[in-house]
Each structure stands twice: as structure tokens, then as C-alpha cells.
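# Architecture and fold: a report
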Amino acid sequence: MLRLEPRAQTSRAWTWGSPLLALLITVVVGVLLFAALGKDPWRGLQMFFWEPLKSGYALGELMVKATPLLLIALGLAVCFRSNVWNIGAEGQFILGAICAGGVALLAGKDTGRWIVVAVLLAGMLGGMLWAGVVAWLRDRFHASEILVSLMLVYVATMLLGYLVYGPWKDPAGYNFPQTKTFEAVTLVPRLLSGSRVSLGLPLALLAAAGVWVFLFRTRAGFAQQVGGLAPDAARYAGFSSRRALWTALLVSGGAAGLAGGLEVAGPIGQLTPYVPAGYGFAAIIVAFVGRLHPFGMVLSAVLMSMFYIGGELAQSRLGLPKSITGVFQGLLLFALLACDTLVNYRVRWGSTQARQGAV
């Protein structure tokens, strides 16, 4: 019989190398999948790993999708390192988009450029509010943050649908479920003409640097991680596990809400039922593939955005279903979980009783 035996010491090299091995496994399985579907495997891999990189415009689109993934993953990394399992960042992303869109709709022809700051702050506060509900229920009633955060995703989705189908619906929009297009002054400035890359990209990179400093170079970041992983030890050392809970969820919610604000005040430019793009769930994979480290998550966010763009290209050029994006994301996640299992455990033959008898 096969069984798993914990390793006395894990390999540091394989701890960081397993995401690369997981990516290689994903590519191999992807080749087999394309062949099984009757598609040219080489052409299929081109859609995912070459087309998103082959031109300046393609790189710009890659950065557009990587920005929200990175921001949300950074917040989730703070949560996961604190042993707080926020699975509902998608809901915080949606509520951030709703709050940012609500402020953007207040703008008129004479509104100054300052409103961009208000739009993004509203997005952050919206995400923090939604995450604060999770923190309060966990703190006050010991409710599972996994279930609460996940269920609130559906509440946020329904709220968005109510607004764009109801009171915020554009009266001149030919009955489409969407708000009016936001005024130009409310949109996040773009970095280059002819590209959709906005100031959200440098903001995300600054956030990555800030999270690195907070987690690994400050006493507060150390207390944050100890408070989540070992509440008794944290209490003995004078750290508050309750503060760790609230800090983790508010930081995560604020990052997801900011991503939602940047999305609706950037590439989308209005609220529609299609604002939820699955970034909040994909960012969980980004966080773990990046080893919950800001630098690693920068790279994994780019990789995940390649999957998004590759899936869209495979749909339009190869006739594959849109779900191919989710298939590649799932393959990467399960391959990473399998590799991490082998990093921490070794496979042994035989039963425990037989080994004990031999001894």
C-alpha cells in the first residue's frame, strides 16, 4: 500500500521550484488536452504563452489583467499568512466596484480631476466594509470566515444586478443592464496613449513593495503572522490575535475593493453585470503559486493573466469553449497541490504495521 510519510526537513529549493514543476505539468496536460480535442497542440500553446507577449499592445493587455490579480493576491497573502481564510475576495472586488461606480456617477461636466481619488477611495472602503462583515461575524460569533466570505460573493453579485437592472440603469442605454458611461474625469489616467494600461499598474507594484516591507521588515507584520498562526504564543508575547484577524481582513478587503475601483474606472468605464470576472477566485491561485511572497505573486499574476488572454484567443481562433481558461487555472492549482504534497511528504510502500513489525 502507498502511504505518505512527513519529511523530517523540506527542501528549500523544491519549495520554490514546485510552482515551476506545476507549470510544466500544466503545459504537458494542456498539450494532451488540445490533442484530444482535435486541435493543434503547438497552436494551442501559442495562444497561451506566445500571443500575450508578442507585441507592445499584447503586453499592455497582459498588464491590464495582471493588475487586479496582483492587488487581490497581495491582500489574500496577508490573510493566508495570518491563518485567516478569506475565500470571498470576489465579493469584496464587486462591492468595491459598486462603491467606486456610485461615486463616479455623481460626476458632472464641471467636476474636477480630484474625483479620481474619491472613486478609488470609495472602492477601497467598499471592499473593507464587505470584509469587515466577515471579520465581525468571525470575531463576535466565531462564524467560519470561509463560508461567510464565500456567501457574501453571491450577495454582492445580486446587489450589482439589482443596481444595473434597476435604479442605476442608463435610461439612454437601449434597455441594456448597465449604467451610463462614466465621465472622462472619473477615469484612471493611462500611462501610454494607445494602451489601456493605467496608473493602477504602478499602484499594484507599490502595493507589492509595501506588503513585503510590512510582512518581513516590521514588528507589526511579524505580530500579524504570529497572531494568526499561534494565538496562544501571540497572547504570551503581547500580540493580539483579534487585531490580526481584523487587520488581515480589512487589508485584504481594501486591496480587492481598490482592484474593483480600478477596473470600473479603467478598462470597463461603467457598471455592468459582467464586472465579476472571477479575479477574486483566480487570485487565490496567484497567491499560492507565488508562495505568498510579493515578488513571487508579481510573476504568478502575469502567468494567470496569460491564461485569461490565452483562453479568450483560444475561444475566438480555435473554437474552444470559454471554460478553457478555468481548465488551465484548475490544472495549475491541482498540479501545485500535488507537487507541494510531495515536497512535504515522501511516498512509502507498505503498511505502518509491517514497518513496526520489522523494527
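Coordinates for the structure precede this section.
Moving on to the overall build of the protein. Within the protein one finds 14 helices and two strands. Here the C-alpha atoms of the protein give a radius of gyration of 22 Å, agreeing with the 21 Å that 2.2 N^0.38 yields for 359 residues. With the C-alpha coordinates aligned to their principal axes, the bounding extent of the protein is approximately 85 × 60 × 35 Å. When each of the 359 residues of the protein is scored for burial, the buried share is 48%. The long-range fraction of contacts in the protein, counting pairs at least 24 apart against all pairs at least 6 apart in sequence, stands at 77%. Charge centroids of the protein, computed over 27 positive and 14 negative side chains, lie 8 Å from each other.

The next point concerns the nonpolar core. Ranked by internal contacts, the top residues of the largest apolar core, which has 86 residues, are Ile 72 and Met 304. Looking at this core element by element, the count peaks at 13 residues for helix 3 (residues 56-81). Those residues within four positions of Met 304 in sequence are excluded, and the remaining contacts are Leu 69, Ala 282, Ile 285, Val 286, Gln 329 and Leu 332.

One non-glycine residue, Asn 83, adopts positive backbone phi at about 65 degrees. Looking at the secondary structure, you find Asn 83 in the loop between helix 3 and helix 4 (89-104).

On to the environment of Asn 344, then. As for its position among the elements, Asn 344 is in helix 13 (residues 324-344). Spatially, the C-alpha atom of Asn 344 lies 6.1 Å from that of Pro 6, the residues being 338 residues apart in sequence. Contact partners of Asn 344, with chain neighbours within four places excluded, come to Glu 5, Pro 6, Arg 7 and Thr 10. Among the polar contacts made by the side chain of Asn 344, one reaches the main-chain carbonyl oxygen of Asp 340 at a distance of 2.8 Å.

With that settled, the discussion passes to the side chain of Glu 51. Along the chain, Glu 51 turns up in the loop between helix 2 (41-49) and helix 3. Judged by its relative accessible area of 9%, Glu 51 falls in the buried class. In this structure the side chain of Glu 51 is engaged in a polar contact, spanning 3.0 Å, whose partner is the side chain of Lys 54.

Calculation criteria
- Residues numbered from 1 in each chain as written.
- Predicted model: local features only at pLDDT ≥ 70, side-chain atom pairs only at ≥ 80, totals over all residues.
- Heavy atoms only, no water.
- Helix = DSSP H or I, 4+ residues; strand = E, 2+ residues; numbered from the N terminus.
- Rg over C-alpha atoms; globule rule 2.2 N^0.38 Å.
- Buried < 20%, exposed > 50% of the residue type's maximum accessible area, 1.4 Å probe, protein only.
- Contact = heavy atoms within 4.5 Å.
- Lys, Arg positive; Asp, Glu negative; His and termini not counted.
- Charge placed at Lys NZ, Arg CZ, Asp CG, Glu CD.
- Core = buried A, V, L, I, M, F, W, Y, C linked by side-chain atoms within 4.5 Å.
- Polar contact = N/O pair within 3.5 Å; in protein donor to acceptor, adjacent residues only side chain to side chain.

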